[in-house]
Amino acid sequence: MGIKAKQIKSFLLENKEANQTIAKNTLWLSISEFIGRLLRVAIIIYAARLLGAAGWGTFSYLTSLAAVFTIFSDIGISSVLVREVAKSPADEARYFSTTFIIKLALTVISFVVLVFVTPYFTKIALSKTLLILIGLLFIFDSLRRFGTSLFRAKEKMEKEALVNITTQIIIVTGGFVALSISDTPESLAAAYALGAGVGLLVISFFLKSQIRRLFSTFDKTLVRSIIKAAWPLSLAAIFGMLLVNTDTVMVGWFRTAKAVGYYSAAQKPIALLYILPSLIVGGFFPALARLAKTKSGEFRRILEKALVMIMTIAFPLSIGIVLTADKIVSLLYGDAYHLSALPLRILALTVITAFPIGIIIHAVFAHDKQKTLVPLWGAGVVLNIALNLFLIPRHGISGAAWASLLTQIVVNSLIWIKMKKLNYFSVEKHLPPILLATFMMSIAILLLIQLNTHILVIVPLAILVYFGSLLFSGVNPIRQIKEVAKIV
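Because the structure is predicted, anything quoted here is derived from the model rather than measured. (Residues numbered from 1 in each chain as written. Predicted model: local features only at pLDDT ≥ 70, side-chain atom pairs only at ≥ 80, totals over all residues. Heavy atoms only, no water.)

**With respect to the overall build of the protein**
Thinking step 1. Looking only at helices and strands, the protein features 19 helices and zero strands.
Thinking step 2. In the protein, which comprises 488 residues, the share counted as buried stands at 51%.
Thinking step 3. Considering only intrachain contacts with a sequence separation of at least 6, the fraction spanning at least 24 residues in the protein is 82%.
Thinking step 4. Carbon and sulfur atoms provide 69% of the accessible area of the protein, an area that totals close to 22,400 Å². (Helix = DSSP H or I, 4+ residues; strand = E, 2+ residues; numbered from the N terminus. Buried < 20%, exposed > 50% of the residue type's maximum accessible area, 1.4 Å probe, protein only. Contact = heavy atoms within 4.5 Å. Areas by Shrake-Rupley, 256 points an atom, 1.4 Å probe, with all protein chains shown as cover.)

Okay, structure coming up:
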C-alpha cells in the first residue's frame, strides 16, 4: 500500500487530532446520509408507483406512526449517552447498560401501543400482519439507532455509516425483490423490517463486549439523573419529527389511505432536501461553539456567512419546486399522483424557513441557551396539532401542508428573534441579489413551462439562469464557498 493510500486510510478510520476527527466524522455522516437517502428514494418511488396511492398511503401512515413512537421510546436518553460517555469514557459501561435498559422498557411499551391500540384511531384498514411487521421494524430500528449513539460518543462515525448504508442496501434490495413477488404493503414492510434487523445485528457485533456486560453494569442510581437530563436535549428532534409525521398520522385519522398516499408522496422530496442544511451545520457548529462566549464579533460574522450560504440555496429550491410541482410529481410517481402537486407546492415553501433555522438553533446551542427554546417547541407542537385538527377536515391534505408551513413560520420566526437577542446579526443586506436571481430564474422556468419543456431540461437551465444572475449582481458563489471552507 502506497504512502498516499495509507494517509487516506488513516484519515478515514483513525482519530488523531481534533480538526481531523471532526472532518472525518462529518465526512462519514455526510456520505452515510447521502447514500442512505438516495437508496431510499429509489424504493420509495418504485413502491409508490406499484402500490398505488391507497397501498402506499397505508404503509406511509404506519411508518409515520412508528416514527412518532420512536421519539417517545427514546426521550433523549441517546443524547445523554453520547454526552456522558464523551465526557467520561471510564463510565461507558454504566451509562450504556442503564440507558439501554430504560430504552428497552420504553420500546416494549411503545410496541404494544403501536400494534394493539393505534388501529382503533384510524379509518384505514390495517391487517394484523402489517401491524406486526411495522412493530418489528420499529423495535429493530429503534434499538439500532440507539446503538449508533455509542459510536458518536466515541467519535467513530465510520461504524455508524457502515451500519446505516448496510441497512439501506438490505431495505432497498429486499424491497424490490419483495414487491416483485407480491405488490402489497406487507411485502414492503417485511423488507424494511429485514433491513432494520440486519442493521441491528451489525450493531450487536460491534457492541458484543458491551452487550455481554449489559445487566452486570446496570446502575439504578443513574436512572433518575438520566431521565432528568434527557428530555431537554431531545426537544429539537422531537419538534422536527412531530412536525414531519404528525401531519401524515392526522390525515390518516380524518381521511382515506389514498389521501395519506398523496400527502406522503408530496412530503418525500422535501424531506430529502432537509439533509442539505444538516450537512452545512455540521461544518459550522464547531467554529460557532468555539467562539460563542469568547469572540462575539467573529461568531456573528461566521453565523451571517452560514445563513447567507444556506439562503442562497433555499430560495431557488423552494420557488423552483413551487413552479414545477406538477412536473416533479409526474416524473417521480406518475400522473396518478397529480393530487400531490398542491401540497408539494405548499410544503416547498417550508424550505425557506427550515434551512436557515437549523443553523440558528445550533447558534443558540453554542451559547448553551437551548432550554430557552423549550417553550417555543412545545407551543409549536400544540399549534401544529390544533391547525391540523382545524384544517384537515376542511381542506384535506392541502390543509395538512398549510398547518406545517404556518407552524414553521411562527416557531422559526420566534427562534430567529431569540438568537438576535443573544448576539445581534443581520442578513438583510445580502438578500436583494438572491431575490433578484430567484426572480429571474422564475421567469425562465415559466417561459420554459409555456414551451412545454421537460422537467429534466428545465432544472439545469434554471440553475444556469440563477447562478448567472448572481454573478451579474456581483455575487460569486464559488468565492463564498471558498471563504466558508476556510472557516470550517
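**Considerations on the packing of helix H17 (residues 431-450) against helix H18 (residues 455-472)**
Two packed helices can be described by the angle between their axes and the distance between those axes.
Thinking step 1. Following both chains from N to C, one finds H17 and H18 inclined at 150 degrees, their axes separated by 8 Å at the closest point. Our classification of the angle between H17 and H18 gives roughly antiparallel. Like other packed secondary-structure pairs, H17 and H18 cross with a definite hand, here right-handed. Residues Pro433, Ile434, Ala437, Thr438, Met440, Met441, Ala444, Ile445, Leu448 and Ile449 of H17 pack against Ile458, Leu461, Ala462, Val465, Tyr466, Ser469 and Leu470 of H18.
Thinking step 2. When its residues are assigned to classes, the contact of H17 with H18 shows 15 nonpolar, two polar and no charged. (Axes fitted to C-alpha atoms, helices over the stretch in contact; angles between N-to-C directions. Parallel < 35°, antiparallel > 145°, perpendicular 65-115°, else oblique. Left-handed = near helix turned anticlockwise from the far one by under 90°. Nonpolar A, V, L, I, M, F, W, Y, C, P; charged D, E, K, R; others polar.)

**A closer look at the nonpolar core**
Looking at soluble globular proteins, one finds that nonpolar side chains tend to be buried together.
Thinking step 1. Core analysis: the biggest nonpolar cluster contains 99 residues, and Trp56, Ile134, Leu188, Tyr337 and Ile415 have the highest contact counts within it.
Thinking step 2. If we skip the residues at most four places from it in the chain, isoleucine 415 touches Ile357, Ile360, Ile361, Leu373, Leu376 and Trp377.
Thinking step 3. Counting 21 residues, the second-largest nonpolar core is a separate cluster that includes Ile77, Leu81, Phe146 and Ala230. (Core = buried A, V, L, I, M, F, W, Y, C linked by side-chain atoms within 4.5 Å.)

**Looking at a nonpolar patch on the surface**
Thinking step 1. A cluster of nonpolar side chains, Leu104, Val108, Val112, Phe116, Val117, Tyr120, Phe121 and Trp253, forms an exposed patch at the surface whose accessible area comes to about 800 Å².
Thinking step 2. Among the elements that line the nonpolar patch, the one with the most residues is helix H4 (residues 92-116), at four residues.
Thinking step 3. Within the secondary structure, phenylalanine 121 sits in the loop between H4 and helix H5 (128-153).
Thinking step 4. Looking at phenylalanine 121, the relative accessible area reads 52%, which means it is exposed. (Patch = residues over 30% accessible without salt bridge, like charges linked within 9 Å, V, L, I, M, F, W, Y side chains within 5 Å. Salt bridge = Lys/Arg side-chain N within 4 Å of Asp/Glu carboxyl O.)

**Considerations on the environment of serine 78**
Thinking step 1. Its place among the elements puts serine 78 in helix H3 (residues 77-87).
Thinking step 2. Separated by 68 residues in sequence, serine 78 and phenylalanine 146 have C-alpha atoms that sit 6.0 Å apart.
Thinking step 3. Setting aside residues no more than four positions away along its own chain, serine 78 makes contact with Phe146 and Ser149.

**Comments concerning the packing of helix H6 (residues 157-181) against helix H7 (residues 185-206)**
Thinking step 1. It is the contact of H6 with H7, at a shortest axis distance of 8 Å, that shows an interaxial angle of 155 degrees. What the angle tells us is that H6 and H7 run roughly antiparallel. For the element pair H6 and H7, the recorded crossing hand is right-handed. Along the contact surface, H6 presents Lys159, Leu162, Val163, Thr166, Thr167, Ile170, Ile171, Gly174, Gly175, Ala178 and Leu179, while H7 presents Ser187, Leu188, Ala191, Tyr192, Leu194, Gly195, Ala196, Val198, Gly199, Val202, Ile203 and Phe206.
Thinking step 2. Counted by class, the contact of H6 with H7 contains 15 nonpolar, seven polar and one charged residues.

**Overview of helix H16 (residues 374-422)**
Thinking step 1. For H16, which comprises 49 residues, the first-to-last C-alpha distance of 16 Å sits more than 12% below the rise-based estimate of 72 Å (1.5 Å per residue).
Thinking step 2. Of all the bends found along H16, the most pronounced is centred on histidine 395 and spans about 150 degrees. (Expected span 1.5 Å × (residues − 1). Bend = angle between axes of the 7 residues up to and from the residue.)

**So, the pattern of salt bridges**
If the charged atoms of two oppositely charged side chains come close together, the side chains can form a pair.
Thinking step 1. For the structure on display, the rule yields six salt bridges.
Thinking step 2. The partner of arginine 94 in a salt bridge is aspartate 219, with the nearest N and O atoms 2.9 Å apart. Of this pair, arginine 94 sits in helix H4 while aspartate 219 is found in the loop between helix H8 (208-212) and helix H9 (223-233), placing the two residues 125 residues apart along the sequence.
Thinking step 3. Judged by its relative accessible area of 30%, arginine 94 falls in the partly exposed class.
Thinking step 4. Classification of aspartate 219 by relative accessible area gives buried; the value is 16%.
Thinking step 5. Salt-bridge contacts for lysine 420 lead to glutamate 428; the nearest nitrogen and oxygen are separated by 3.6 Å.
Thinking step 6. The exposure class of lysine 420 is buried, given its relative accessible area of 18%.
Thinking step 7. Salt bridges linked by common partners bring Asp91, Arg94 and Asp219 together as one network.

**Re the packing of aromatic side chains**
Thinking step 1. Taken as a whole, this structure holds eleven aromatic pairs when the rule is applied.
Thinking step 2. Ring geometry for phenylalanine 151 versus phenylalanine 206: centroids 5.7 Å apart, planes at 85 degrees, classification edge-to-face. Here phenylalanine 151 is found in helix H5, whereas its partner phenylalanine 206 is found in helix H7, with 55 residues between them in sequence.
Thinking step 3. For phenylalanine 151, a relative accessible area of 4% gives the class buried.
Thinking step 4. Taking the relative accessible area as the measure of exposure, phenylalanine 206 reaches 26% and is therefore partly exposed.
Thinking step 5. The rings of Trp56, Phe59 and Tyr192 are connected pair by pair, giving a single aromatic cluster.
Thinking step 6. Lysine 208 extends its terminal NZ or CZ atom over the ring of phenylalanine 205, reaching a point 4.1 Å from the ring centre. (Phe/Tyr/Trp six-rings, centres within 6.5 Å; stacked < 30°, edge-to-face > 60°. Lys NZ or Arg CZ within 6 Å of the ring centre and 35° of its normal.)

**Let's talk about unusual backbone geometry**
Thinking step 1. Even without being a glycine, asparagine 452 presents a positive backbone phi close to 60 degrees.
Thinking step 2. In this structure, asparagine 452 sits in the loop between H17 and H18.
Thinking step 3. The exposed category is assigned to asparagine 452, whose relative accessible area is 63%.

**A closer look at the environment of serine 209**
Thinking step 1. Looking at the secondary structure, you find serine 209 in helix H8.
Thinking step 2. Considered as a pair, serine 209 and alanine 93 are 116 residues apart in the sequence and their alpha carbons are 9.7 Å apart.

**Re the confidence of the model for the protein**
Thinking step 1. With 85% of its residues at a pLDDT of at least 70, the protein reaches an overall mean of 83.
Thinking step 2. At the level of individual helices and strands, the protein shows its lowest average pLDDT in helix H19 (residues 477-487), which scores 55, and its highest in helix H14 (residues 341-348), which scores 95. (pLDDT = per-residue confidence, 0-100.)

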